[in-house]
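Single-letter residue listing:
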Amino acid sequence: MNQPNPMILNKDCFWQLVGISTGLKILLIPANHSTDFEVHRNWLAITHNLPLNRWYLDETSEWTLDYPPFFAYFEWLLSQVAKYIDPRMLLVENLNYESKATLYFQRLSVTAMDLVYVLGVRSCMSALGVVRGSQQFFAGNLLLLLNVGLIFIDHIHFQYNGFMFGLLLLSISALLRQRYLWSAFTFAVLLNFKHIFLYLAPPFGVYLLRFYCLEQASAKGGSFWRCLLKLLAVGLSPFVVSFGPFWQQLPQLMSRLFPFKRGLTHAYWAPNIWALYNTADKMAAKLLQTGPSAGPTTTSGLVQQIEHEVLPTITPSMTFGLTIALMLPILLKLFKSSKKQSPLMFLRAVVLCACSSFMFGWHVHEKAILMVLIPLCLLTLVNREDARHAYVLSTAAYFSLFPLLHDVDLYVPRYSLYLSYMAMLYGQLYRMFAAFKGFHWLEWTYMLGFVAIPLYEHVLSPLLGLDRRLPFMPLLLTSTYAALGVVYFFGRYYMYAMGLNWWPQLATSKATATYSSSAKRKRKTK
């Protein structure tokens, strides 16, 4: 059986799980953080002290403001509270300032803004038709509210991703409820907080064009052009409010948002196709004995443009072309899908478009994998095969975030949280799907292979002195081995979503299952 187990727990544990997740986040306040903590402190100072027309020009710190204006306005609002907590954190020239008050203020501001994420989770559970008190409802809240990726990145590493994913979930839930204009508006607001979500715009655009402008207009006897104009007006209005005050600085603002001079890969390679490409280039250079490169290399840890030593150098236009080309098949399938199948196909298109951009995009950050993982949590609840693919990706993707938590003091938290989450996810798969058959032995072999990386990093490397001779090796192993899993997921899941089961031994169900069964169960229990 492919549908979720309808077992009812007779208890809505939503707010208990919210309390547990909040408590965990508070316990992590003293944890070591990344340079992103100083990035956001600097943005507080910039927006509080400088006039609007200087926000995207200031270069006092190397951590210049490079998020869209709505996020800058958000930092300004935070600064109005911060001035009562510790005014010294708001001095632009006070670089790398960190007091206990600053630490608690910034950490707690992230936790407080997670309320938007909580609302997004609740809204999506309802929009999917998940029965309150069911095993499916419990599992969904567990996987989303205690998502280990968000805990790693927001509450240890330090960022504000939670409330932005909350906006994404609110937009998805509005679309599933057929509140198309609200969905478009919320997604447009999200884009003005963080522009990386542009990669998710194609599935939203295709769905709204197909089921709002074309189908709904036809069904209600309306005009396609009228619907399109309403959609454009609603979708573009947040951009006018956001970018309007900066119209004289638009060239400078856009150069901050799209810094193509930063190079193909980040200092730590995200686990995508370019990690494998860089590895192949290094191996080819070693085999061909080309000698050391004169400029910066892919393993120099620098964020700038590099030249590959043997393989052709990749340009931004190449990555853009590949990304768009790989989005087209799933977008076409979404456009042709029936009304009944469209919600699931939309969610799969969101996952695959996010994964296409992660796999082939320019200067992809490892944190961008959350754009794949968070929507995939929703699909985990409604279909067994989606859930199986999600587990394989989760094993690789959450492990790939470990280099962000590189301090020795974070080893125990990162491993314990990761293992707990993966065990929890594994247990929920068997509870949700009575006929869940586990994984192919090749998938098990790959997932268990991750044990070798910590053994090398923490045992073999120090014992053999390799940590001094090959300091980049743990990062190389993590990104390349995790990249193999991401590439595998991308290929397998894409073919599954397209209905192409090319590996019969692993194909246990078709991609045509619908989420309507959970909605039907919900109606029956009323």
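For every chain, the first residue of the written sequence is number 1, and numbering continues from 1 onward in sequence order. Two thresholds apply to this predicted model, a pLDDT of at least 70 for residue-level local features and 80 or more for giving and counting side-chain atom pairs, whereas whole-chain, interface and lining totals are computed over all residues. With hydrogens and water excluded, all non-hydrogen atoms of the structure serve as input to the side-chain values.

### So, the overall build of the protein
Line of reasoning, step 1. Note on conventions: DSSP H or I runs of at least 4 residues are helices, E runs of at least 2 residues are strands, and numbering of each starts at the N terminus. Within the protein, the regular secondary structure consists of 22 helices and zero strands.
Line of reasoning, step 2. Partly exposed describes any residue whose relative accessible area lies between the buried limit of under 20% and the exposed limit of over 50%, with all areas from a 1.4 Å probe on protein chains only and scaled to the type maximum. When the 526 residues of the protein are sorted by exposure, 56% land in the buried category.
Line of reasoning, step 3. The criterion used for residue contact is that any of the two residues' heavy atoms lie within 4.5 Å. Excluding contacts between residues fewer than 6 apart, the proportion of contacts in the protein whose partners are at least 24 apart in sequence is 79%.
Line of reasoning, step 4. Of the roughly 22,200 Å² that the protein leaves accessible, carbon and sulfur atoms contribute 67%. What sets the accessible areas is the Shrake-Rupley method with a 1.4 Å probe; for residues, cover comes only from the shown protein chains.

### Quick look at the packing of helix H7 (residues 161–176) against helix H15 (residues 370–380)
Line of reasoning, step 1. Where H7 contacts H15, the axes come no closer than 11 Å and their chain directions differ by 45°. Viewed along their axes, H7 and H15 adopt a mutual orientation that is oblique. Handedness of the H7/H15 crossing: right-handed. Contacts from Phe165, Leu168, Leu169 and Ile172 in H7 reach Leu370, Met371, Ile374, Pro375 and Leu378 in H15. Only C-alpha atoms enter the line fits that serve as axes; for helices the fit covers just the stretch in contact. Angles between N-to-C directions range over 0 to 180 degrees. Oblique is the label for every angle not falling under 35 degrees (roughly parallel), over 145 degrees (roughly antiparallel), or within 65 to 115 degrees (roughly perpendicular). Helix crossings are classified by the rotation of the near helix relative to the far one: an anticlockwise turn of less than a right angle makes the crossing left-handed, while a clockwise turn makes it right-handed.

### A word on helix H10 (residues 224–243)
Line of reasoning, step 1. Multiplying one less than the number of residues by 1.5 Å gives the expected span of a helix. Look at H10: 28 Å from first C-alpha to last across 20 residues, which is about the 28 Å you get at 1.5 Å a residue.
Line of reasoning, step 2. Where H10 bends most, at Leu236, the angle is about 30°, and the proline Pro238 comes one to four residues later.
Line of reasoning, step 3. Within H10, burial applies to Cys227, Leu228, Leu231, Gly235, Pro238, Ser242 and Phe243.
Line of reasoning, step 4. Under the rule applied, a polar contact is a pair of N or O atoms within 3.5 Å (in protein, one hydrogen donor and one hydrogen acceptor; residues adjacent in sequence only if both atoms are side-chain atoms). By the N-cap criterion, in which a side-chain oxygen at the helix start approaches the backbone nitrogen of a residue two or three places on, H10 is capped by Ser223, the distance to Trp225 being 3.3 Å. Throughout, the bend at a residue refers to the angle made by two axes, fitted to the seven residues ending there and to the seven starting there.

### Focus: the environment of Ser337
Line of reasoning, step 1. For Ser337, the position within the fold is in the loop between helix H13 (316–336) and helix H14 (342–360).
Line of reasoning, step 2. Residue Ser337 is classed as buried on the basis of its relative accessible area, which comes to 8%.
Line of reasoning, step 3. With 127 residues separating them in the primary sequence, Ser337 and Arg210 have C-alpha atoms 9.5 Å apart.

### Thoughts on the packing of aromatic side chains
Line of reasoning, step 1. Two aromatic rings from Phe, Tyr or Trp, using only the six-membered ring of Trp, form a pair when their centres are within 6.5 Å; if the ring planes differ by under 30 degrees the pair is stacked, by over 60 it is edge-to-face, and anything between is tilted. The tally for this structure, following the rule as stated, stands at 53 aromatic pairs.
Line of reasoning, step 2. Centroid distance Trp274 to Phe360: 6.3 Å. Interplanar angle 85°. Geometry classified as edge-to-face. Taken together, the residues Trp274 in helix H12 (residues 273–288) and Phe360 in helix H14 connect sequence positions 86 residues apart. Like Phe360, Trp274 is buried.
Line of reasoning, step 3. Here the aromatic rings of Tyr426 and Phe439 are separated by 6.4 Å at their centres, their planes lie at 25°, and the arrangement is stacked. Taken together, the positions of Tyr426 in helix H17 (residues 411–432) and Phe439 in the loop between H17 and helix H18 (441–448) put the pair 13 residues apart, joining distant regions of the chain.
Line of reasoning, step 4. Taking the relative accessible area as the measure of exposure, Tyr426 reaches 25% and is therefore partly exposed.
Line of reasoning, step 5. Judged by relative accessible area, which is 9%, Phe439 ranks as buried.
Line of reasoning, step 6. The residue whose ring lies beneath Arg210 is Phe211, and the NZ or CZ to ring-centre distance is 4.6 Å. Remark: a charge is flagged as sitting over a ring if the NZ atom of Lys or the CZ atom of Arg is within 6 Å of the ring centre and within 35 degrees of the ring normal.

### Overview of a nonpolar patch on the surface
Line of reasoning, step 1. Taken together, the side chains of Leu198, Trp247, Leu250, Met254, Phe258 and Phe260 define a hydrophobic patch exposed on the protein surface, amounting to about 570 Å² of accessible area.
Line of reasoning, step 2. On the basis of relative accessibility, which here comes to 39%, the residue Leu198 falls in the partly exposed class. Residues forming no salt bridge and having over 30% relative accessible area are the ones grouped into patches, like charges within 9 Å of each other and nonpolar side chains (Val, Leu, Ile, Met, Phe, Trp, Tyr) within 5 Å. We define a salt bridge as a side-chain nitrogen of Lys or Arg found within 4 Å of a carboxyl oxygen belonging to Asp or Glu.

### With respect to the UniProt feature "transmembrane region" (unreviewed entry) in the protein
Line of reasoning, step 1. UniProt positions are given in the numbering used here, feature names are shortened, and annotations may be inferred rather than shown by experiment. The UniProt feature table records "transmembrane region" (unreviewed entry) at residues 137–153, 196–215, 227–247, 310–332, 344–362, 390–406, 441–460 and 472–491.
Line of reasoning, step 2. Secondary structure content for residues 390–406 is 59% helix and 0% strand, and the end C-alpha separation is 26 Å.

### Comments concerning the pattern of salt bridges
Line of reasoning, step 1. Enumeration according to the criterion identifies ten salt bridges in this entry.
Line of reasoning, step 2. With a closest N to O distance of 2.8 Å, Glu215 and Arg210 form a salt bridge.
Line of reasoning, step 3. Assessed through its relative accessible area of 27%, Glu215 is described here as partly exposed.
Line of reasoning, step 4. For Arg210, a relative accessible area of 18% puts it in the buried group.
Line of reasoning, step 5. Among the ionic pairs, Glu457 bridges to Arg414, the shortest N-O distance being 3.7 Å. Taken together, the positions of Glu457 in helix H19 (residues 452–464) and Arg414 in helix H17 put the pair 43 residues apart, joining distant regions of the chain.
Line of reasoning, step 6. Connected through salt bridges with shared partners, the residues Glu385, Arg388 and Glu443 form a single ionic network.

### Re the environment of Ala188
Line of reasoning, step 1. Position of Ala188 relative to the elements: it lies in helix H8 (residues 180–191).
Line of reasoning, step 2. Here the alpha-carbon distance between Ala188 and Ser237, two residues 49 residues apart in the chain, equals 8.3 Å.
Line of reasoning, step 3. Look past the residues within four positions of Ala188 in its chain and what remains in contact with it is Gly235, Pro238 and Phe239.

### Looking at unusual backbone geometry
Line of reasoning, step 1. One non-glycine residue, Gln178, adopts positive backbone phi at about 70°.
Line of reasoning, step 2. Residue placement: Gln178 occurs in the loop between H7 and H8.
Line of reasoning, step 3. Overall, Gln178 belongs to the partly exposed group, its relative accessible area being 45%.
Line of reasoning, step 4. In this model, His363 sits at a positive phi of 50°, which is unusual for a non-glycine residue.

### What to know about the side chain of His308
Line of reasoning, step 1. Take His308: it is sitting in the loop between H12 and H13.
Line of reasoning, step 2. Within the structure, His308 has its side chain in polar contact with the side chain of Asn278 (distance 2.7 Å).

### Considerations on H19
Line of reasoning, step 1. With 13 residues, H19 extends only 16 Å from end C-alpha to end C-alpha; this falls clearly short of the ideal 18 Å at 1.5 Å per step.
Line of reasoning, step 2. Every buried residue belonging to H19 is among Ile453, Pro454, Tyr456 and Ser461, and all of these are buried.
Line of reasoning, step 3. Where H19 is buried, its residues touch helix H16 (384–399), H17, helix H20 (466–469) and helix H21 (473–497).
Line of reasoning, step 4. Just beyond H19, the residue with positive phi is Gly465, at close to 75°.

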